Amino acid sequence: MHTSSLFSIAVLLIPNFIQAHTLVERATIDGPCTGAGGAPGVCISTAKCTSGGGTHIVNACPGTPDDIQCCTKTECGSGGNCRWANTCSTSTLTGLCPGPADFKCCVPGGSTGGGGYPAPGIPP
């Protein structure tokens, strides 16, 4: 093989190699994201987020249209917060959080504290 042929092959392969190592996982609309301070969020339109009482941050839903951003709502119900239902170990309330049906208000109850976190210990 000639040196010029090897050079041509290398020129063709290097951009693909670089691109493969710089890919970012794409988010999905109505899919999970992480908001400010690590709060659980959902990738929805900024209009839906605002009308649902949430706040949104940019650059947390890569690969989606510009109006799709990570929406969080850290207060709902009586001391609860919006999160994915499968991450709530207490009771959930519907209709209080922006986004899809399984993004719900997780409220305190039972043996856990607010939003599904363990209740803090009280010294004797």
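Figured I'd write up the structure that's included with this text. (Residues numbered from 1 in each chain as written. Predicted model: local features only at pLDDT ≥ 70, side-chain atom pairs only at ≥ 80, totals over all residues. Heavy atoms only, no water.)

With respect to the overall build of the protein chain
For the record, the criterion: The helix count covers DSSP runs of H or I at least four residues long, the strand count covers runs of E at least two residues long, and both are numbered beginning at the N terminus. Residue burial is assigned from relative accessible area. The probe radius is 1.4 Å, only protein chains are included, and a residue is buried under 20% of its type maximum, exposed over 50%, and partly exposed in between. Here a residue-residue contact requires only that any non-hydrogen atoms of the pair lie within 4.5 Å. Here the open area of atoms and residues is found with the Shrake-Rupley method and a 1.4 Å probe, where only the protein chains shown may cover a residue.
When its secondary structure is counted, the protein chain shows 2 helices and 7 strands. Start at the N end of the protein chain and walk to the C end: the helices and strands fall as α-β-β-α-β-β-β-β-β. Across the 124 residues of the protein chain, 31% fall into the buried class. For the protein chain, the share of sequence-separated contacts (at least 6 apart) that also reach a separation of at least 24 residues comes to 42%. Only carbon and sulfur atoms are counted for the fraction: they give 60% of the accessible area of the protein chain, which is about 8,000 Å².

Topic: the environment of Thr-92
Residue placement: Thr-92 occurs in strand β6 (residues 91–93). Remark: the alpha-carbon pair of Thr-92 and Gly-77, spanning 15 residues in sequence, is separated by 9.3 Å. With near-sequence residues (within four places) excluded, Thr-92 lies in contact with Lys-104 and Cys-105.

Observations regarding the pairing of strand β7 (residues 103–107)
What counts here: Between any two strands, at least two bridges found by DSSP are needed for them to pair.
In terms of burial, β7 is a largely internal element, 4 of the 5 residues being buried. Examined bridge by bridge, strand β5 (residues 81–84) and β7 share 4 bridges and lie antiparallel to one another. Residue Arg-83 lies in a different strand from β7, and its bridge partner there is Lys-104. Pairing geometry for β6 and β7, over 3 bridges, is antiparallel.

Some details on the environment of Arg-26
For clarity, the cut-off: Polar contact criterion, stated in full: a pair of N or O atoms within 3.5 Å, where within protein one must be able to donate a hydrogen and the other to accept it, and residues adjacent in sequence count only if both atoms are side-chain atoms.
The topology assignment puts Arg-26 in the loop between α1 (3–21) and β1 (32–34). Judged by its relative accessible area of 60%, Arg-26 falls in the exposed class. Separated by 37 residues in sequence, Arg-26 and Gly-63 place their C-alpha atoms 4.9 Å apart. When neighbours within four sequence positions are excluded, Arg-26 is seen to be in contact with Pro-62 and Gly-63. Reaching out from Arg-26, the side chain makes a polar contact with the backbone oxygen of Gly-63 at a distance of 2.8 Å.

Here we look at the side chain of Ser-45
For Ser-45, the position within the fold is in strand β2 (residues 40–45). Within the structure, Ser-45 has its side chain in polar contact with the backbone nitrogen of Lys-48 (distance 3.1 Å). Among all residues touching Ser-45, those that are not within four sequence positions of it are Asp-67 and Ile-68.

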